[in-house]
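# Observations on chain architecture
Okay, here's what each chain looks like letter by letter:
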Amino acid sequence: MRLFPPISNVTCEFTFTTNLTHQWLQRYGWEILPHPAHSSDLAPSNFHLFGPLKRHLGGIAFETEDDLISELRNWFDNLDVDFFRVGINSLLSRWQKCMDLHGDYVEK
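The structure presented is a predicted model; accordingly, all values stated were derived computationally and were not measured. (Residues numbered from 1 in each chain as written. Predicted model: local features only at pLDDT ≥ 70, side-chain atom pairs only at ≥ 80, totals over all residues. Heavy atoms only, no water.)

## A look at the overall build of the protein
Along the protein, the regular secondary structure elements total four helices and two strands. Taken from the N to the C terminus, the helices and strands of the protein come in the order β-α-β-α-α-α. Per-residue burial for the protein yields a buried fraction of 21% across its 108 residues. Considering only contacts in the protein between residues 6 or more positions apart, those separated by 24 or more positions represent 62%. For the protein, the accessible area works out to roughly 8,200 Å², and carbon and sulfur atoms hold 57% of it. (Helix = DSSP H or I, 4+ residues; strand = E, 2+ residues; numbered from the N terminus. Buried < 20%, exposed > 50% of the residue type's maximum accessible area, 1.4 Å probe, protein only. Contact = heavy atoms within 4.5 Å. Areas by Shrake-Rupley, 256 points an atom, 1.4 Å probe, with all protein chains shown as cover.)

## Notes on the pattern of salt bridges
Applying the stated criterion across every chain, the model contains one salt bridge. Asp82 is the partner of Arg85 in a salt bridge, and the nearest nitrogen-oxygen pair spans 2.3 Å. Here the residue Arg85 and the residue Asp82 both occupy positions in helix α4 (residues 81–100), the gap between them amounting to three residues, near one helical turn. Using a relative accessible area of 44% as the deciding quantity, one classes Arg85 as partly exposed. Residue Asp82 is classed as partly exposed on the basis of its relative accessible area, which comes to 37%. (Salt bridge = Lys/Arg side-chain N within 4 Å of Asp/Glu carboxyl O.)

## What to know about the side chain of His48
Here His48 lies in helix α2 (residues 44–57). Of the polar contacts made by the side chain of His48, one reaches the backbone oxygen of Phe83; its length is 2.6 Å. Once you skip the residues sitting within four places of it in the chain, His48 turns out to touch Phe83, Val86 and Gly87. (Polar contact = N/O pair within 3.5 Å; in protein donor to acceptor, adjacent residues only side chain to side chain.)

## Notes on a negative patch on the surface
There is a patch of like negative charges on the surface, built from Glu63, Glu65, Asp66 and Asp67. Following the sequence through the fold, Glu65 ends up in helix α3 (residues 65–77). A relative accessible area of 61% means that Glu65 is categorised as exposed. (Patch = residues over 30% accessible without salt bridge, like charges linked within 9 Å, V, L, I, M, F, W, Y side chains within 5 Å. Lys, Arg positive; Asp, Glu negative; His and termini not counted. Charge placed at Lys NZ, Arg CZ, Asp CG, Glu CD.)

See the structure below:
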């Protein structure tokens, strides 16, 4: 399994955690990818989650914040586990595209 590494210029507060994370990943044989932890065009929420969520919520007017929260919980609770599996699996191919483009923006 591959993971994105933490951002290299973290503050001292996070350096200890970063080192522990790297040690844990090495112990279990996980490959650490040479790419920043956050890339907006690779974030699963940006390309897999928010599109379907936006379509689901489109045109709904909520009376209260509690109504919105209730609808969000209902939507997430009713998602099939494959929804998340597909999103994570497609992240790998998007990462490869980004690497092939030397970090440039990845289109769908």
